[in-house]
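# Chains, contacts and geometry: an overview
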Amino acid sequence: MSTSQGYEFRSKPLGELYSKWRGAGREESRAEGRQQMAAEAIIKVLRGRGLAPSTVEEEVILRTTDLTLLDFWLDHAFQVASAAELLQARPPVE
């Protein structure tokens, strides 16, 4: 039987379902955290290079949920001539 914060499930399947649900929530939170950190890093790199994004460009970066794209942008934030150029860049299709 599973326990959660002092509660013991009488049903093993219910306890397993709860554990699975709780784990999925943690994974989702971790993914959101990675996305937020990547977006903030991109903005920091651009600002550090004197290429501060506009409010709209910053919003686009912060609202992007595709971690692959964010990682690509972070790599390229060190090379582009402007925030606009960065936002137009897309990873190669494999």
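This one's a predicted model, so the numbers in the text were calculated from it and none came from an experiment.

## Some points on the pattern of salt bridges
Across all of its chains, the model carries two salt bridges by this definition. Between Glu-58 and Arg-47 there is a salt bridge, with its nearest N and O atoms 2.7 Å apart. Here the residue Glu-58 occupies a position in helix H2 (residues 55-63), and Arg-47 occupies one in helix H1 (residues 12-48), the gap between them amounting to eleven residues. Arg-47 sits in the partly exposed class, given a relative accessible area of 48%. The salt bridge partner of Arg-63 is Glu-59, with a shortest N-O separation of 2.8 Å. With Arg-63 and Glu-59 both in helix H2 and four residues apart, the pair spans about one turn of that helix. Take Glu-59: its relative accessible area is 36%, and that puts it in the partly exposed class.

Conventions we followed
Residues numbered from 1 in each chain as written. Predicted model: local features only at pLDDT ≥ 70, side-chain atom pairs only at ≥ 80, totals over all residues. Heavy atoms only, no water. Salt bridge = Lys/Arg side-chain N within 4 Å of Asp/Glu carboxyl O. Helix = DSSP H or I, 4+ residues; strand = E, 2+ residues; numbered from the N terminus. Buried < 20%, exposed > 50% of the residue type's maximum accessible area, 1.4 Å probe, protein only.

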